[in-house]
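Secondary and tertiary structure notes
Residues per chain are reported as follows:
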Amino acid sequence: MKKNNRVILDIQHLSVSIHGQPILKDISMQVLENKVTAIMGPSGCGKSTMIRCINRMDLLTEGMLRRGLVTLDGRSIDEIDPILLRRQVGMVFQRPNPFPTMSIFENVLAAYLLNGIKLSVSEKEEIVQECLESVGLWDEVKDNLKRKGTFLSGGQQQRLCIARSLACKPKVLLLDEPTSALDPKATARNEQLIKKLKNTVTILLVTHNISQAARVSDRTAFLYLGELVEYDKTSIMFTSPKDPRTDQYLTGKFG
Amino acid sequence: MKAGSEVSVRKAFDLCFVGLVYLFSSLIFLPLIAIFVYMVMKGLPALSFDLLTHLPRPVGSEYSGISNAIVGSLILIAIASLIAVPLGILIGIHLYEYKQARMTDILRLCMDVLQGVPSIIVGIVVYVWVVLPLNSFSALSGGIALALMMLPVIARSTEETMNLILPTYKEAALALGVPYYTAVFKVVLRSAGSGVLTGIVLSVARIAGETAPLLFTAFGNQFMSYNVFKPILALPLLIFNYATSPYEEWQAIAWGAALLLILFIFMLSIGVKLLSYEKK
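Here's what I pulled together on the structure shown here. (Residues numbered from 1 in each chain as written. Chains lettered and ligands numbered in written order. Predicted model: local features only at pLDDT ≥ 70, side-chain atom pairs only at ≥ 80, totals over all residues. Heavy atoms only, no water.)

Judged by side-chain polarity, I120, I121, I124, V125, V128, W129, L132, L215 and F240 of chain B come together as a nonpolar surface patch covering roughly 780 Å² of accessible area. Looking at where F240 of chain B falls in the secondary structure, it is placed in helix α11 (residues 235-243). (Patch = residues over 30% accessible without salt bridge, like charges linked within 9 Å, V, L, I, M, F, W, Y side chains within 5 Å. Areas by Shrake-Rupley, 256 points an atom, 1.4 Å probe, with all protein chains shown as cover. Salt bridge = Lys/Arg side-chain N within 4 Å of Asp/Glu carboxyl O. Helix = DSSP H or I, 4+ residues; strand = E, 2+ residues; numbered from the N terminus.)

Put simply, an interface is often sized by how much accessible area is lost when its parts join up. On the chain A side, the residues contacting the 18 residues of chain B number 26 residues. Summing both partners gives a buried area of about 1800 Å² for chain B against chain A, and 64% of it is carried by carbon and sulfur. Summed over the shared surface of chain B and chain A, the number is one salt bridge. R52 of chain A is the partner of E171 of chain B in a salt bridge, and the nearest nitrogen-oxygen pair spans 2.9 Å. There are three residue pairs in polar contact (both at pLDDT 80 or more) connecting chain B and chain A. Elements supplying a minimum of two residues to the side of chain B that touches chain A: α7 (167-175) and α8 (180-191) of chain B. It is α7 of chain B that provides the largest number of residues to the side of chain B that touches chain A, a total of seven residues. Taken together, the residues of the side of chain B that touches chain A break down into 10 nonpolar, five polar and three charged. (Contact = heavy atoms within 4.5 Å. Buried area = accessible area lost by both parts, 1.4 Å probe. Polar contact = N/O pair within 3.5 Å; in protein donor to acceptor, adjacent residues only side chain to side chain. Nonpolar A, V, L, I, M, F, W, Y, C, P; charged D, E, K, R; others polar.)

The next thing to look at is the packing of aromatic side chains. All names here are of chain B. Taken as a whole and assessed by the stated rule, the structure comprises nine aromatic pairs over all chains. Relative to F266, the ring of F36 has its centre 5.3 Å away and its plane inclined at 40 degrees; by these criteria the two rings are tilted. One end of the pair, F36, is in helix α1 (residues 2-43); the other, F266, is in helix α12 (residues 248-279), with 230 residues separating them in the sequence. The class for F266 is partly exposed, based on a relative accessible area of 41%. Ring geometry for Y247 versus W250: centroids 5.4 Å apart, planes at 80 degrees, classification edge-to-face. Pairwise contacts between aromatic rings join Y127, F137, F216 and F219 into one cluster. (Phe/Tyr/Trp six-rings, centres within 6.5 Å; stacked < 30°, edge-to-face > 60°. Buried < 20%, exposed > 50% of the residue type's maximum accessible area, 1.4 Å probe, protein only.)

Attention now moves to unusual backbone geometry. With phi around 45 degrees, E177 of chain A is a residue other than glycine that occupies positive phi space. Mapped onto the elements of the fold, E177 of chain A is located in the loop between β7 (172-176) and α8 (184-197). You can call E177 of chain A buried: its relative accessible area is 9%. With a phi close to 65 degrees, N135 of chain B is a non-glycine residue in the positive phi region. Looking at the secondary structure, you find N135 of chain B in the loop between α5 (119-134) and α6 (139-164). Judged by its relative accessible area of 70%, N135 of chain B falls in the exposed class.

Put into structure tokens, the structure is as follows:
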């Protein structure tokens, strides 16, 4: 495993409001390359809003206003075309959503197919195999690549969605509560996957599950009512939190 | 004892209610079956290979047919579909995509009103718009009149099926760096494909039997015509002219044409059912 502490994503004074209602208040944090960074907090604290800012999906929400500076590899995300930015910053959603009209094979290649990027047959097969292997799905589906992705189980579908994001070779992968719609066994399987994937991609994981943050992340941010209460190494945060609110949240006093 | 009798009264009431529901829902079938049986009885003797392949001839001559009406109807449906399908789908996408916009409310109201405009009025308006400037009745004007009737059906069914597609698919496409219009067309519209197709087929079934808008536009033609700028015959027009004629022979042909039209619409409806089964 690479032992670097390079900052890949730098968030400075990020504030977001929707129709004048503040959602995130002056958040500053740095995300390190090839680490899993968990963002935890009770429902409605702005976790999802925060990661949707990073790949500029906030553009889709009407009345949303973002201030502050977010830089990816030293470049402000507002200078990058959202279409190109989203190829560098992949996103996986809460509910598995493989495209219903596409086969497993086509789902992995969706970014290429939908963008009209031409690939030779051997390139396609190579990308599909590589991406499905990296999410541990290859052995399970290699004989059924022509079947629809929606035939898979929930956990498998979610891994297919991760493979679909990886096909663009993103620098950062945003996971928005990727296991909250899955059963415990699939959750455990996908958590293992997240730990493995950090060798190739930086992961930002949104979760409302405290123990999941403890299990998979290197660093944890605790968000409460739109404020960044605490951000530290997971091992430190879970043993000796500095802010009393973090302590109360971790011990289940609220949230 | 008292409680027991109350329950049995309720049970009897329940039974009566269920009985009535079954009775009235089976009554729905009656008119349809009556129409169909009558059509087959009257139309089947007239229906023959000659009827489908020959042109109309004067009363008394053999081998009179309706081939020009069949071709005419198909040409009119093709013109109407060429205009209404792309436009209707685009309007449907607009209704789906810009729910908040004021324009959308106006557009939706327009579609609802257009759907309610009597077909004869559509015919008169297209007469003024197209027939008078071109100085001739034409297949083109008939197609435009029918397209106006198809438009609201396609637009609303496109919107409604797209509403059923989870927004998360569009988000997933956008998150992959897919441009907005590609996400809408290749992901949302393709996922809604069979529903949109159902709307199109239903709208074709609806206009196939329209007579009123064609009276002032397509007008009718004795001969075979493939020219879109010339008058053209359609099945409903032929039925209207022949059924009101004094000749028994022509009346028989009208029954045959009517049966053909009903069968066409019947097949389209079955096609729609098959499409929606496939969707599930």
